[in-house]
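# Chains, contacts and geometry: an overview
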Amino acid sequence: WRFDIRGMGRTFFRHFVFCCILSSLPAALGFYEGLVNADVNRKIDLTTQLTKVDVKIALNNSGSQDATSFLLAFSTSTESHLSYLSVEDAVGNYLTVAKASDETAPSGFVFYRVGLNKTLKPELKVSVALYAVFTHRMVPYPAEITQSENHLVKFTDNHYFLSPYRTKKQKTTIKLSTDNDDTTTMTEFPPTDKKKGEITYGPYSEIAPYTLSPMELHFENNRPFLAVTKLLKEIEVSHWGNIAVEEVYKMRNAAAKLKGSFSRYDYQFSGGPSAIKEVTGLLPETATDIYYRDSIGNISTSNVLPTEKGVQIEMRPRFPLFGGWKTEFCFGYNLPIENYVRVFRTSGAFALRVPFSTHYDGVVVDDIAVKVILPEGARDIEVSVPFPVDAIEHGTYFGTLDFVGRPTVIIRKSNLVPEHTVDFQVTYRVSSLHLLRKPVLVSIGLLLLTAAVMAYVRMDVSISKEEKDGKQAAARVFELLVSFQANEKRRAEAYKTLDAQHAQFVLGKRPAFADDTKRVKDLNKECNDKLQDIIKDMKLWDAAKVAKMTEVATATQERHNTVFAYYTADLKASAPKPSKDVLTERHSKVEVIETEIQDLVRDLTDDL
Amino acid sequence: GSFDGGRRRSTQMGFLQSVQNFRIPKKNESVFLEIVILGCIYVLAFAVRLFSILRFESVIHEFDPYFNFRTTKYLVSQGLYKFWNWFDDESWYPLGRIIGGTVYPGLMYTSAIIFWILNAISLNVNIRNVCVLTAPFFASNTAIVTYLFGKEIRDTETGLVAAALISIVPGYISRSVAGSFDNEGVAIFALILTFYLWVKSVNTGSLFWSLLCSLAYLYMAAAWGGYIFIINIIPLYVLVMLACGRFSQRLYVAYTSMYILGTIFAMQIRFIGFQAVQSSEHMAAMGVFCLLQLVNFLSWMRTMLPGDHFRRLIKLVFTVVGSTTAVAVAIMTATGYISPWTGRFYSLLDPTYAKEHIPIIASVSEHQPTTWSSFFFDLHLLVFLFPAGLYFCFRKLNDANIFAILYSVTSVYFAGVMVRLMLVLAPAACVLSAVAVSSTLKTYMGHLKKPKAVAKKPKVDNTIPIQREIALVAIAGLTLLLCLYTFHCTWVTSEAYSSPSVVLAAKQGDGSRVIFDDFREAYYWLKMNTAPDAKIMSWWDYGYQITGMGNRTIIVDNNTWNNTHIATVGRAMSSTEPDAYKIMRMLDVDYVLVVFGGLTGYASDDINKFLWMVRIGGGVYPVIKEADYLTANGEYRIDKEGTPAMLNSLMYKMCYYRFGKTMTEYGKPAGYDRVRQVEIGNKDVELEYIEEAYTTEHWIVRIYKVKPEENRWAAA
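Keep in mind the model is a prediction, meaning the values are calculated, not measured.

## Topic: the confidence of the model for chain B
All names here are of chain B. When pLDDT is averaged along chain B, the result is 88, and 92% of the positions lie at 70 or above. Note that residues 1–10 has pLDDT below 50 and, in this model, zero contacts with residues that lie over four places away or in other chains. A low-confidence stretch, residues 451–463 stays under pLDDT 50, and its non-local contacts, those more than four residues away or across chains, total three contacts. Here the complex is predicted with pTM 0.83, and the ipTM for its interfaces comes to 0.84.

Okay, structure coming up:
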């Protein structure tokens, strides 16, 4: 990020000076009559939708005073279309240009004062070159055409070069976009010539100041008449290393309106001469992550080709734009910061330099707002644009994780042409500590969140005393489960023993079996009571466990009933001793219940 | 100095040692494992739904989501109050629609709140991305809720398996991929949450959980018309519990508080309002509520009265209550206090009902009965695991299991009736399958463990019981099946359910992908190049998209609330040009939009939907007769054999205008329709009352301008 004054570019510096003067208040007219246009060579380029006028003027000081500047005049109606104006001297230095006005000035004209680099002494000559670009001067005529018709436009101007000074000799050459001379009509003003799309008026000589002679041309111009009615260009600078550019376009085909119906069939076969299928442009070669979308999603009809000059973009709107049709879309890309932001070593200030207007070829921009979003904490913001602008506004933008907001600069201007796609500069200072703001903010946020979770986990909001201490509850449940397990184990073992005793009894070796049964019966009752107590206690803690324990109670009762039904039957004096088969059958029946009880108990005591 | 250094070293050593010795306590270990698994599931459920963004773009899908997106944008930009009172004059021209009172606003509120929260913590997101990602986000949440539900029904393991299964089940993914911004996206979350809280409140009998359950029910009622399912299945469950003799105070507390609070909450939704106590769909819940009071009262009386008296009391109560209820219901139905069942509800109970009575419901593909293949497609392995899960539930019957059984059995029925309701079955299938999987795995894993314990005995290798091998095989088999399930789900998601359907993609002969973006091309053309108050007529399918993307007024849309209005449009489409012109002038139509697939082979176009237009139009206007559009053999033809009514209908003319000269396929004559695979019958279509305004690149959408009447006078 080393700053190099040479890197700023000489052109920029010149533009900068130019800009400062242009944006100053209109200067007084202070008309000096001694100047004469010795020779004027005017070239009007009408090959696109833009009217580019290139005039070479040999200026002669035939008066007696020194001249330090001279005046350019435009008719008011023409001047309202003026978009870009520059004047160079013979060696290519830009001259200062400023709007001039005075009560003494003749009405119907607008004047610009051009300051000369060197004072023009009487009887001396200087040659200057004027370059002006106008928009929307070619008017569609007829105003409505059908899909297959060629686009015809009307252009009006003056046969003479309009000047507040006397002109000795002049000539005008007009270049049209068509070679077809048959469809071209023009006002005759001899000497006139028309040849292969090139029209010459003149040479004329000795023309008085302010002489007007209306010229009108009518010719075919099928070049795209694409006008951006509104362009919002957002440049977001992040000192983490990226510049995000997003351009929101509202476009219109300014050609003659489509008359009648649109036919896809005809369009597929012969196209439409006035329709605009695509827009092309050139992005810097470092541009990445290009996107092209509108309010309803991605526009899939686009192409990006890396070339030597940069990234060539070909964008098709969703539909071809016929005359009068509109479209809106949004287009964006990223630029690496190191190529566009320099740091001044001495002062520590930063300078952002990016192109001002659109990258698209040959479009007219009616209205532009360039919004520069600087990093949070930027201050001492200065903007310099190499041409006059309508307004510069300062504001604040809240982006992702912004705390105090990022300072923004909005530059507004209307009526732009491709000549305005030059770099402008925004200088600012920002402490690199501001870079840390976001990570710190996020860390604090996460810390607070974690702390909140910690606090929540440790917090106790329950009202009931018993529930208050979670640990106590868990301990109590544990205790109950332990005694439950012991209780059921004791009971199960008792039945097992009784079964063994029954086997002995069957063999006739256990006469006291009746007493055994009685003991187990009592034990079962005792265990039942114990279980009920446990359940009662458990109700305070865990409803699911209560439900399961109740199931255990039912199952154990069932076991008791089943087993005792057999034993009571066997104990009857008259009863025969059960056979082996009967015993096995009984065992398998009891086994089922036993398994169920075991499962339930295991389920409940799994956690122990 | 040296002393200090020494101390520092010793503390360092201590720290290192404590790090080395650090071990998570056993109890926390399982919690930690649970959290890690759930975290993975959470991310997976979200990530698997992003195929659509990767394949296409971050865009809203299909039809209804465009309406939801539009209303959400309105809510976000205009605020709650204006949304509540929103009268939309852009749809159902000239009737309009009271949006605030005719939507389930849960989805819009949800995404608006997410949007507001994110912006409040200064995370700049745009509302489109919030809407696109709402469904995946809620799918992740659903996985967590399913975990809780499974845990409540059985145990933690079941919960985890259920969460894993539901995170990728295609039946649910179909409605919750990124961009699918529909009510169901959040509603399934709300549904499972309500069920979980319901089971919890039945298990605990706690007022707190019942309150949470009714809040969840409120969210469900706000989000989707499917809340009717909840308000019917819970009473059904209570009935079943009563029949099983499982009435308890827990059940009583849970149901009464949930019903009262839930109904009051649901009435706060404008679209539901008094329906919650008046419509037939809600009557079962009310009836069960009363019944439960009666049962509770009687069970209390039983403790107070001798058996003989009690029996007499029961007889008396049943006669009085039964007859009063019958009379009251009859009177209320007759006076219209209780509204009759809606058609959609009827068609749920009787799948053939819609086909005979309401063509507009039958015409929607998602209301068709489900085929066997789509069960397998949407559930895969779960189709087989589901009955196993039912078996396991029956084996250990308890209150929670009964609910799971009931939910799954009813949802199987509903999924069979309507394809769309596969969505309700999917979670049930996941939970029951999880029961099966976790029970099986638990059993066999237990067998795996045992020999390890005895492995310490020397030389027992040859004495390992065969049980262990069986267990290994079973576990391996189940793992394989689950892997297959995962592959199937991923494949289905990426291939079948991730297409936004507003952008069509097709594979060319050389394998490259070609995109048909005609819908957006047409809608954007409408937005940019027609008057802001232009009225567009199209079949109702495209209504939401036209207002959503084109921002223009339409005659009918997917809300289908006014059958007559739709029938009028159907009639216009089926009439001849002069007749249709009269209707269109009546409706102030400026443009007509049709969808035509004949050039590209896009099959769901208007010509294929045309018979439904005729049917629906004819249902209201008997001038339109279906027979006129079918050949003598009852065939639907568009070639030379087609009937004059067909070949001269407005729809036919608009679709095939200028198509007669177009070559579509090599070796076929001009005007060859690639969808119907025939040469069209009327090749020189002349239009008198309308003119082509725009046709998209692949001819999929064609827009015609209705000529103003003055032109005809001027021409004459």
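There is more to say after this.
## What to know about the interface of chain A and chain B
Taken together, the 33 residues of chain A in the interface contact 34 residues of chain B. Of the roughly 2900 Å² buried at the junction of chain A and chain B (both faces included), carbon and sulfur atoms supply 48%. Summed over the three residues of chain A that lose the most area to chain B, namely Arg264(A), Tyr265(A) and Ile296(A), the buried surface amounts to 24% of that side. The interface formed by chain A and chain B holds four salt bridges in total. At the surface where chain A touches chain B, the tally comes to 22 residue pairs in polar contact (both at pLDDT 80 or more). Taken together, the elements giving at least two residues each to the side of chain A that touches chain B come down to helix H3 (264–270), strand E21 (288–294), strand E22 (297–298), strand E25 (326–336) and helix H8 (543–571) of chain A. Among the residues forming the side of chain A that touches chain B, the class breakdown is eleven nonpolar, twelve polar and ten charged.

## Observations concerning the packing of aromatic side chains
Residue and element names in this part refer to chain B. Counted by the stated rule, this structure contains 72 aromatic pairs over all chains. Between the aromatic rings of Trp198 and Tyr237, the centroid separation amounts to 6.0 Å while the plane-to-plane angle is 80 degrees, which identifies the pairing as edge-to-face. Linking Trp198 in helix H11 (residues 183–204) with Tyr237 in helix H13 (residues 227–243), this pair joins segments that are 39 residues apart in sequence. Here the two residues Trp198 and Tyr237 agree in accessibility, since each one is buried. Through pairs of rings, three or more aromatic residues link up here, namely Phe195, Trp198, Phe229, Tyr237, Tyr255, Tyr259, Phe289, Phe403, Tyr407, Tyr413 and Phe414.

## What about the pattern of salt bridges?
The tally for this structure, following the rule as stated, stands at 54 salt bridges over all chains. Notably, a salt bridge pairs Arg318(A) with Asp517(B), separated by 3.3 Å at the nearest N-O pair. Residue Arg318(A) is found in the loop between strand E24 (311–315) and E25, and its partner Asp517(B) is found in the loop between strand E4 (513–516) and helix H26 (518–529); the two belong to separate chains. Just as Arg318(A) is buried, Asp517(B) falls in that class too. Glu585(A) is the salt-bridge partner of Lys589(A), the closest N and O atoms lying 3.8 Å from each other. Of this pair, Lys589(A) and Glu585(A) both sit in helix H9 (residues 580–605), separated by four residues, roughly a single helical turn.

## Description of the sheet that holds strand E11 (residues 701–706) of chain B
Residue and element names in this part refer to chain B. The mixed open sheet is built from five strands, whose spatial order is E6-E5-E7-E11-E10. Of all strands in the sheet, those with a lone pairing partner are strand E6 (553–554) and strand E10 (690–695), marking the two edges. Along the sheet, H26 makes contact with strand E5 (535–537), strand E7 (591–595), E10 and E11, crossing E11 at roughly 25 degrees.

## What about the confidence of the model for chain A?
Residue and element names in this part refer to chain A. With 92% of its residues at a pLDDT of 70 or more, chain A has an overall mean of 86. At the level of individual helices and strands, chain A shows its lowest average pLDDT in helix H1 (residues 10–22), which scores 41, and its highest in strand E28 (residues 364–373), which scores 95. Of the regions scoring below 50 in pLDDT, residues 1–26 engages in 43 contacts with residues more than four places distant in sequence or in other chains.

## So, the sheet that holds strand E3 (residues 51–61) of chain A
Residues and elements named next belong to chain A. On the basis of which strands lie adjacent, the open sheet formed by seven strands has the order E5-E8-E3-E2-E12-E15-E14 and mixed pairing. The sheet terminates laterally at strand E5 (82–89) and strand E14 (192–195), the two strands that pair on one side only. The average angle at which neighbouring strand axes cross in this sheet is 15 degrees, direction not considered. Of the pairings in the sheet, the one linking strand E2 (residues 35–46) to strand E12 (residues 166–176) comprises nine bridges and is parallel in character. Opposite Arg42, over in E12, you have Thr172 as the bridge partner.

What counts and how
Residues numbered from 1 in each chain as written. Chains lettered and ligands numbered in written order. Predicted model: local features only at pLDDT ≥ 70, side-chain atom pairs only at ≥ 80, totals over all residues. Heavy atoms only, no water. pLDDT = per-residue confidence, 0-100. Contact = heavy atoms within 4.5 Å. Buried area = accessible area lost by both parts, 1.4 Å probe. Salt bridge = Lys/Arg side-chain N within 4 Å of Asp/Glu carboxyl O. Polar contact = N/O pair within 3.5 Å; in protein donor to acceptor, adjacent residues only side chain to side chain. Helix = DSSP H or I, 4+ residues; strand = E, 2+ residues; numbered from the N terminus. Nonpolar A, V, L, I, M, F, W, Y, C, P; charged D, E, K, R; others polar. Phe/Tyr/Trp six-rings, centres within 6.5 Å; stacked < 30°, edge-to-face > 60°. Buried < 20%, exposed > 50% of the residue type's maximum accessible area, 1.4 Å probe, protein only. Pairing = 2+ DSSP bridges. Axes fitted to C-alpha atoms, helices over the stretch in contact; angles between N-to-C directions.

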